[in-house]
Amino acid sequence: RFAIVDDTAPNAFALPGGYIYVSRGLLALSNSEEELAGVLGHEIAHVALRHAAARQALGPPSFFMPMKNLQILSFSRDLEHTADRVGQGLTAVAGYDPGGITEFLQSLDSLERLRLGYSRLPSFLDTHPGTTNRVAETAQRAGEIAWRPKPGVAGDRAGHLRKIEGLVVGPSGQQGIFRGARFMHPDLGFTIRFPKGWEQHNTARAVGAISRDRSGQVFLEQAGPGSDPAAAAEAWAEKGKEQGLRVDSRKSIKLVGRDAVRLEGSVRGLGGSLRLHATFLPWRGSVYRIVGVSRWIRKHEPLFINVARSFRPMTRELLAELRELRLRLIEAQPAETLAELAKRSGSDWTAMQLGVLNGIQPSQRFKGGELVKITKAESYRPEGAAWTGEQP
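Residues numbered from 1 in each chain as written. Predicted model: local features only at pLDDT ≥ 70, side-chain atom pairs only at ≥ 80, totals over all residues. Heavy atoms only, no water.

**A look at the overall build of the protein chain**
Right, so step 1: Across its full length, the protein chain holds eleven helices and 16 strands.
Right, so step 2: Put simply, the protein chain has 392 residues, and 48% of those count as buried.
Right, so step 3: When the accessible surface of the protein chain is summed, it comes to about 19,900 Å², and 52% of that surface belongs to carbon and sulfur atoms. (Helix = DSSP H or I, 4+ residues; strand = E, 2+ residues; numbered from the N terminus. Buried < 20%, exposed > 50% of the residue type's maximum accessible area, 1.4 Å probe, protein only. Areas by Shrake-Rupley, 256 points an atom, 1.4 Å probe, with all protein chains shown as cover.)

And the structure:
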């Protein structure tokens, strides 16, 4: 069973039971049906060879620090090499070029070079083999595999690109978007500011920020349905006792003209005791929890309070300013370069970025008529019922 994950990072993974996921970031980076088939073949191989049984679990995210360990653990290097080999065989049998995975890995390698300035090399704790090594190995193997092409789904490269046109590239309005220190979630109707200069994270469970020295973090998450912040605070505190939470004080406060509750206390951590601030606020049928955790509470306490106080309704003015990048297509003109095409089309990405996105060299000149992926900043409009601004 296959599904698309609303994630900006180019990623794919398989879970026990035959569930295979690809991210929209991976789809946006792909340039042909063969590339996508190569990725799916790799993940099908993981399932067929029951590699999930060889995983090592990270364990559940921390109850008090949900942004600490939300990644899915990768397979070991040996299993990745095996999945490459078997996956290429599967794609060949299905009638796809077994070199498709190589082309995708080359784009992935170019993306890593663009972001980091060098190709990612495997470290001791890195369970995936380096992308450069995988490119070389899969390219050599592809040349040794006999295969016959069969009709695909999208047809040629242009057909594949037309199927992925309109994908969001980067942060999605449906997940909420950071603009500087401000986080805006138009679908849920609120905005909140996190400490300036802190490392920002936006996951399916929580949104927040972590200080550069890792001494504190503050995040917002849904506590559950309802409108009673006191009951939500009591239930959370009771559950937290199992993990060493001690509540020192409870305060009834006002936020955004609403009754709210703030808890202060401490929790046992691996390195000793952590101080904790938790604010519970009702909003549109749910209670939200804004939690700050720190080893140096005197340093971070004012920041935690300011974050909670910054919670505001999303306004029409803010919504009008909200933009998300979408993948669009444009036909290249004869002898045109990527830089010239980017300028002519009004793309928000540079020629270097578009080169990675399209799997071509920025200096390449087009013959004319080729479809080229570009990115365009477009206004976001919440789905469903008409957005009416500051709703109760």
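Now, onward.
**With respect to the pattern of salt bridges**
Right, so step 1: For the coordinates displayed, the defined rule picks out 17 salt bridges.
Right, so step 2: With its nearest N and O atoms 2.9 Å apart, the salt bridge here joins E221 to R289. In this pair, E221 sits in strand β9 (residues 216–225) while R289 sits in strand β13 (residues 286–294), placing the two residues 68 residues apart along the sequence.
Right, so step 3: A relative accessible area of 8% places R289 in the buried class.
Right, so step 4: Between K241 and E238 there is a salt bridge, with the nearest N and O atoms lying 3.4 Å from each other.
Right, so step 5: Overlapping salt bridges, with partners in common, bring together R205, E221 and R289 in one network. (Salt bridge = Lys/Arg side-chain N within 4 Å of Asp/Glu carboxyl O.)

**Quick word on the packing of aromatic side chains**
Right, so step 1: Under the criterion given, the structure shown has nine aromatic pairs.
Right, so step 2: Ring centres of F183 and F190 lie 6.3 Å apart, and the angle between their planes is 45 degrees; on these two criteria the pair is classed as tilted.
Right, so step 3: Residue classification places F183 among the buried residues on the basis of a relative accessible area of 1%.
Right, so step 4: Members of the aromatic cluster, each reached through a chain of ring pairs, are F178, F183, F190, F194, W283, Y288 and F311. (Phe/Tyr/Trp six-rings, centres within 6.5 Å; stacked < 30°, edge-to-face > 60°.)

**Structural notes on the confidence of the model for the protein chain**
Right, so step 1: Of the residues in the protein chain, 86% reach a pLDDT of 70 or more, and the chain-wide mean stands at 87.
Right, so step 2: Taken together, the stretch residues 56–61 has pLDDT below 50 and engages in ten contacts with residues farther than four places along the chain or on a different chain.
Right, so step 3: Across residues 68–75, where pLDDT falls below 50, the model places 24 contacts with residues more than four positions away in sequence or in other chains. (pLDDT = per-residue confidence, 0-100. Contact = heavy atoms within 4.5 Å.)

**Thoughts on empty space enclosed by the protein**
Once rolled over the atoms, a probe with the size of a water molecule shows which space is left empty.
Right, so step 1: By the definition in use, this model includes one cavity of 30 Å³ or more.
Right, so step 2: As a volume, the largest cavity reaches approximately 40 Å³.
Right, so step 3: Residue lining of the largest cavity: V218, R262, H277, A278, T279, I290, V291, G292, F304, I305 and A308, and that is the complete set.
Right, so step 4: Classifying every residue of the lining of the largest cavity gives seven nonpolar, three polar and one charged. (1 Å grid on protein atoms, 1.4 Å probe; cavity = no way out; pocket = protein on both sides within 12 Å on 5 of 7 lines; lining within 4 Å. Points joined across faces, edges and corners; volume = space filled by probe spheres on them. Nonpolar A, V, L, I, M, F, W, Y, C, P; charged D, E, K, R; others polar.)

**Considering a nonpolar patch on the surface**
Right, so step 1: A grouping of F2, I44 and L90 is seen on the molecular surface, where their side chains present a nonpolar patch of about 270 Å² in accessible area.
Right, so step 2: Take I44: it is sitting in helix α2 (residues 33–48).
Right, so step 3: Taking relative accessible area as the criterion, I44 reaches 33% and is therefore assigned partly exposed. (Patch = residues over 30% accessible without salt bridge, like charges linked within 9 Å, V, L, I, M, F, W, Y side chains within 5 Å.)

**Let's talk about the sheet that holds strand β3 (residues 19–23)**
Right, so step 1: With respect to topology, three strands assemble into an open sheet ordered β1-β3-β2, the strand pairing being mixed. Where the open sheet ends on each side, the last strands, each with one partner, are β1 (2–5) and β2 (12–15). Here the average twist between neighbouring strands, direction ignored, is 25 degrees.
Right, so step 2: Strand direction decides the pairing type here: β2 and β3, joined by four bridges, are antiparallel. The residue of β3 that forms the bridge with L15 is Y19. (Pairing = 2+ DSSP bridges. Axes fitted to C-alpha atoms, helices over the stretch in contact; angles between N-to-C directions.)

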